[in-house]
Every structure is written in C-alpha cells, then in structure tokens.
Amino acid sequence: MLQISYIRENKDEVIKRLAIKNFAAAETLINQVIQLDVERRNAQKDADGVKAEANQLARQIGDLMKSGKKEEAETIKGQTAELKQKEKQFDDVLKSKEEEIQHILLQVPNLPDTTVPAGKTPEDNEVVFEYGNKPALPENALPHWELAAKYDLIDFELGVKLTGAGFPVYKGKGAKLQRALINYFLDRAEKEGYNEVQPPILVNEDSAYGTGQLPDKEGQMYHVGVDNLYMIPTAEVPITNIYRDVILKESELPVKNCGYTPCFRREAGSYGKDVRGLNRLHQFDKIEIVQIAHPEKSYATLEGMRQYVAALLTELELPFRTLKLCGGDMSFASALTYDMEVFSGAQKRWLEVSSVSNFETFQTNRLKCRFKDTNGKTQLAHSLNGSALALPRIVAALLENNQTPEGIKIPKVLLPYTRFGIIN
RNA sequence: GGAGAAAUGGCAGAGCGGUCUAAUGCGGCAGUCUUGAAAACUGUUGUGGGUAACACCACCGGGGGUUCGAAUCCCUCUUUCUCCGCCA
C-alpha cells in the first residue's frame, strides 16, 4: 500500500509512474484520495476539538466533586450531552473518510522503479542476462511427463485419485530427487547467510492482508472455512509476516530468512499446455528467500538475491535467462521484479522458476514493519523476496535436459543429496 | 473438548472509577566523574494522528458497552497459564 503522505507530496510523479504499470484509474483515484485526505484531516480536527473540550469538562467535574460542590458539577454535566453527540458525529465522519481512503489505497498498485521498462505483455520484458547453451537433444527427446512415467518418478493419475489434478505423487527416485533439491537449496541458502525458518503453511486473515494476498487475490488461495485460515500460496506470506508490527533496530538490518514450504494455488482459469505435467500445479514445493532491508540498500540487496538465484541455476547446470519485467507484467505489489527462466529442452520453452522482487515500502506499510534509524526516527523498512527455488519446473528441466539413452543424469552438486547419479 | 486464572511500556511489575501526562526496578540512550572502563549520580527513553512549531487527540490483548469521566466496571472474541479429557 502506498503511503498517503507520499501521495500527498508527490502527486504528479505518482500518477506518472503508475502509468508505467498501465494503471488506468491512476489519476482519478489519486485525485480522489487526496481530496479525501483533506476531508479526513478536517474531520480529525473537529473530532479532536470536541474531545478536548469534553475531556476538560470531565476534569472540572472531577475537581468539583472532590471539593464537594455537587450542584455545580451537575450543571456542567448538563453541558456534556451536546458534546457527546457532536463527538459521535465527527468520529463517524472520520471513520468513514478513513475507510474510503483505505479502500482506494488498496486498489492502487506499487510504483514501479524508475528503471522499469514500459510495456504491456510478457513480450515487453527485457532479457538482461542469459547463461548456458540449450541442450542438443535428439528429435525424439521426451517431455518430462513422459520421462516421469517411463521411470516411475511422478504419478499424476494417482494424484488425481487421491486429491485431484495438479496434486502429483512423487515416487521412488522422483521423491528422493525432491528431497535432495529441498535440502540442497536450504543448505545453500544457509551458506548465503539466510536464517532457516519453518513457518506454518496456514495463515490467518491478518497475514494474508499483510503481504497483499487479500483483499485482492482471494480466489487464488485455498480457504479453510471452518477456521477462517488460508493455505499459503508461497512462504513469503508467513515469513514476511514475522515482521508485522515489528520495529527493528537499524543494526539488525538486513534480516535474511529462508524457508521451505509446500505452496498451494488454486490457479483458477488455467488450462492447456501450460498446465501439462509439472508446468503448473496446485501444490508444489518451494524454498523462499526473504529480506528486510534498509531503504538505501534494498536495490543492492535485490541484485544480490538475483545473483544468488543465478548461482543456483548455474550450479545445477541449467541454461537460464534473467528478465527484468516490464510495467505491465509486474505484480501489483512489486517495484522491480526479475524473473529467472530455465530452458526446458524437450518442451523447447522457457519456464519461470524464480521471481525476485523489491517491494520497497509497499508491503511494510501494510505490515507496519519499521526500523529505528540512527537519529532515533522510525521509518518503514523495505521488503524483498525471491524463490530459491521452486521445484517442479526445475525438476522438469532437469529430467528433460539430462535425458540420455542410459537414463537421466543427476547434476554433480546434487550427488551428495541424492546419492544416486542416474535415474534408469 | 471441559473447569479455573490471567493479558499493562523493550523486559519484570504496581495501579482496580477522576490528579494515569501509568509507580517502581531492570535494560537502552545522553551527560557528570575517569587516562579508559566499571560503579555512582543526573537527565532521557512507546506508537500513531495532528501542527510551521506548539497545543491537542487516540492507544494499558482485539471489538463493543456503562459513565460527565474507564487501564480500572460490564459483554464478547482472541491468546497464555494451571487442572481434567483426548492425541502424533
């Protein structure tokens, strides 16, 4: 959520930058919210004034009662009825203004960083880095879902029986490969200075609001109605919400946490070849990295996170590219996002395996995650996160790219974790 | 799930209808003293709104109520603790 104080002082810039995100309603909403803000402050002044008066009368009554002047106290009591009524009126106005402002602010996306390219669709994303050669596979190379069946690694039909489409069952070496990747990613993150946490995978409403899943993306989460809890679509939600209503010391920044969780997404409306095999699932595993950073250092932090994810992909010997997302393809909350895509040799397409973003103060404003700077002033921290990494598409690429007539070869870095070098 | 107790500032803990602008202790910060440190002493130390700056307003787990006035009384929710039941 943008800060109203920032909008107030930088109105034109805000509107201009929202245009990069193709946010059509920007000008209307911003003007509305500025007007409401004026009205809100007036209402507050009115309400405060009445309250101050009432407080004073109450104090007077107290003094009179103590000194035994009961009749005088009663007289003053008579004056309070009108004040009370006015107080309620002003409070109601104040409350409604606040709600209206909140309602609008929740609809306004984050401002894109000044370096974000304009654009509407994924075609407008900027390729900023590319690494590795696409594998030279024979024409009859198999897509991962066929390899998974051939070597009995992943059983999609069984998942349908147990739960439904998009909930695969990993078996044998397929299951072990999952476990190996999880452990590898966690060990690697720890080496990178991240503190491992194991958060709940169900969160309450407050947490879902905190990171911005609510009120907007309600339909994308599984909701446990009886207890009003949401299954997390990403570990970002619980791990970032650790810092909800927290004031950190400047010396504690940056906070670096990582965690492995299953992730749950309803993916309503998805269909076709995009969802084949592991390409898009309702439940999948992911290791997430989250940082709370000093505002002046958050872009350096973002670059560091992007480098880290690139290193993981390099170590896994997967060809990948890094995209800087254009305004139209960025998420609502992000100020700058890099997507990392691996090349899946048999499908012959790029698969997104990580998305690394700086949210600046957009999340922390909602979360009220702040730090005390050296001058003793409290200010909002910046939040960042990234996948490091999401498993299914990594598995898809590993299976497809490393297939040989003898079997599927496991990359060297994973050998200590899988303790097998080939799937055959 | 049942019965009882509790929730106060960074922490501990008092306050149980008016002066709470929340005692006291610990911790933090600044200063005095010291070559430096410790100790001692002095001051300071929550968040948000509002203002040019003051004033002022709100917040004692969340929400609602009683009252001229609520940390204090009532209702409700949540959480924690103790006991019982169940259980990986």
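That block above? That's the structure.
Remember, it's a predicted structure, so these values are computed and weren't measured experimentally.

What counts as what
Residues numbered from 1 in each chain as written. Chains lettered and ligands numbered in written order. Predicted model: local features only at pLDDT ≥ 70, side-chain atom pairs only at ≥ 80, totals over all residues. Heavy atoms only, no water. Helix = DSSP H or I, 4+ residues; strand = E, 2+ residues; numbered from the N terminus. Buried < 20%, exposed > 50% of the residue type's maximum accessible area, 1.4 Å probe, protein only. Contact = heavy atoms within 4.5 Å. Lys, Arg positive; Asp, Glu negative; His and termini not counted. Charge placed at Lys NZ, Arg CZ, Asp CG, Glu CD. Patch = residues over 30% accessible without salt bridge, like charges linked within 9 Å, V, L, I, M, F, W, Y side chains within 5 Å. Areas by Shrake-Rupley, 256 points an atom, 1.4 Å probe, with all protein chains shown as cover. Salt bridge = Lys/Arg side-chain N within 4 Å of Asp/Glu carboxyl O. 1 Å grid on protein atoms, 1.4 Å probe; cavity = no way out; pocket = protein on both sides within 12 Å on 5 of 7 lines; lining within 4 Å. Points joined across faces, edges and corners; volume = space filled by probe spheres on them. Nonpolar A, V, L, I, M, F, W, Y, C, P; charged D, E, K, R; others polar. Axes fitted to C-alpha atoms, helices over the stretch in contact; angles between N-to-C directions. Left-handed = near helix turned anticlockwise from the far one by under 90°. Core = buried A, V, L, I, M, F, W, Y, C linked by side-chain atoms within 4.5 Å. Pairing = 2+ DSSP bridges. Phe/Tyr/Trp six-rings, centres within 6.5 Å; stacked < 30°, edge-to-face > 60°. Lys NZ or Arg CZ within 6 Å of the ring centre and 35° of its normal. Near = heavy atom within 4 Å. Polar contact = N/O pair within 3.5 Å; in protein donor to acceptor, adjacent residues only side chain to side chain.

> What's the story with the overall build of chain A in this structure? I'm lost.
When you go through chain A residue by residue, the secondary structure sums to 13 helices and 19 strands. Counting only residues that meet the buried cut, chain A has 49% of its 424 residues in that class. Look at the contacts in chain A between residues 6 or more apart in sequence, and 73% of them connect residues 24 or more apart. Each charge sign in chain A was given a centre, from 54 positive and 59 negative side chains, and these centres are 2 Å apart.

> Looking at this structure, I do not really get a nonpolar patch on the surface. What am I missing?
A surface patch of nonpolar side chains, about 230 Å² in accessible area, is lined by Val 128, Phe 129 and Tyr 131. By the element assignment, Phe 129 lies in strand 1 (residues 126–131). Accessibility expressed as a relative area gives 37% for Phe 129, which makes it partly exposed.

> Is there a simple way to think about the layout of surface pockets in this case?
A probe as big as a water molecule, rolled over the atoms, marks out the empty space that is left. Taken as a whole, the largest pocket holds about 1,400 Å³ of empty space. Lining the largest pocket are 45 residues, with Arg 265, Ser 331, Asp 339, Glu 352 and Ser 355 sitting closest to its centre. Broken down by element, the lining of the largest pocket gets its largest block of residues, 7 residues, from strand 13 (residues 349–360). Of the residues assigned to the lining of the largest pocket, the class counts are 15 nonpolar, 16 polar and 14 charged.

> Could you clarify how one ought to interpret the packing of helix 7 (residues 172–191) against helix 12 (residues 391–401) in this entry?
The packing of two helices is summarised by the inter-axis angle and the distance between the axes. At their nearest, the axes of helix 7 and helix 12 sit 11 Å apart, and the two run at 115° to each other. In this structure, helix 7 crosses over helix 12, and the sense of that crossing is right-handed. Of helix 12, the residues touching helix 7 (which contributes Leu 177, Gln 178, Leu 181, Ile 182 and Phe 185) are Leu 391, Ile 394, Val 395, Leu 398 and Leu 399.

> How should I be thinking about empty space enclosed by the protein in this particular structure?
Taken as a whole, this structure holds 1 cavity of 30 Å³ or more when the rule is applied. Every residue lining the largest cavity is listed: Met 1, Gly 210, Thr 211, Gly 212, Lys 217, Phe 332, Ala 333, Phe 362, Gln 363 and Arg 366. In terms of residue count, helix 11 (residues 362–367) provides more of the lining of the largest cavity than any other element does, 3 residues in total.

> Even after reading the chapter, I still don't get the nonpolar core, so can you show me in this structure?
Across soluble globular proteins, nonpolar side chains show a tendency to be buried alongside one another. In this structure, Leu 181, Phe 185, Leu 313, Leu 316, Val 342, Leu 389 and Ile 394 are the most contacted members of the largest nonpolar core, which totals 60 residues. Leaving out residues up to four positions away in the same chain, Val 342 has contacts with Leu 313, Leu 318, Pro 319, Phe 320, Arg 349, Trp 350, Leu 351, Val 353, Arg 393, Ile 394 and Ala 397. Ile 7, Leu 29, Leu 105 and Leu 106 belong to the second-largest nonpolar core, a separate cluster that totals 23 residues.

> Could you clarify how one ought to interpret the sheet that holds strand 6 (residues 223–224) in this entry?
Note: strands within a sheet are paired through backbone hydrogen bonds, in either parallel or antiparallel orientation. Pairing in this open sheet of 3 strands is antiparallel, and the strands run 5-7-6 from one edge to the other. Sheet topology places strand 5 (202–203) and strand 6 at the edges, where each strand pairs with a single neighbour. Sheet topology places strand 6 next to strand 7 (residues 229–231); 2 bridges connect them, and they run antiparallel. Bridge pairing in strand 7 links His 223 to Tyr 230.

> Whenever I open this one, a negative patch on the surface confuses me. Can you help?
Residues Glu 205, Asp 206, Glu 218 and Asp 245 make up a contiguous surface patch of negative charge. Its location among the elements puts Glu 205 in helix 8 (residues 205–210). Among the residues examined, Glu 205 registers a relative accessible area of 35% and is labelled partly exposed.

> It is not clear to me how the sheet that holds strand 18 (residues 407–409) should be interpreted in this structure. Could you clarify?
As summarised here, the arrangement of the 3 strands in space is 17-18-19, forming an open sheet in which the pairing is antiparallel. Only two strands of the sheet have a single partner each, and these edge strands are strand 17 (403–404) and strand 19 (422–423).

> Explanation requested: the packing of aromatic side chains in the structure shown.
Any two aromatic rings considered together are summarised by their centre-to-centre distance and by the angle between their planes. If you walk through the whole model with that rule in mind, you get 8 aromatic pairs. The interplanar angle of 55° and the centroid separation of 6.3 Å between the aromatic rings of Phe 167 and Tyr 222 together place this pair among those described as tilted. Of this pair, Phe 167 sits in the loop between helix 6 (156–162) and strand 3 (169–170) while Tyr 222 sits in the loop between helix 8 and strand 6, placing them 55 residues apart in sequence. Exposure remark for Tyr 222: the relative accessible area of 22% places this residue in the partly exposed category. Following the ring pairs from residue to residue traces out a cluster consisting of Phe 129, Tyr 131 and Phe 320. Its end group placed over the ring of Phe 343, Lys 134 keeps NZ or CZ at 4.6 Å from the ring centre. It is Lys 173 that lies over the ring of Phe 420; its NZ or CZ is 4.8 Å from the centre.

> What should I look at first to understand the protein's contact with RNA strand B in this one?
With respect to spatial proximity, 19 residues lie near RNA strand B, and among them Arg 40, Gln 44, Asp 48, Asn 55 and Ala 58 are the closest. Within the side chain of Arg 40, an N or O atom sits 2.8 Å from a sugar or linking oxygen of RNA strand B. One of the side-chain N or O atoms of Arg 370 is found 3.0 Å from a sugar or linking oxygen in RNA strand B. Those elements that place two or more of their residues in the surface near RNA strand B are helix 3 (26–66), helix 4 (70–105) and strand 14 (369–372). The leading source of residues in the surface near RNA strand B is helix 3, at 11 residues. Partitioned by chemical class, the residues of the surface near RNA strand B number 5 nonpolar, 5 polar and 9 charged.

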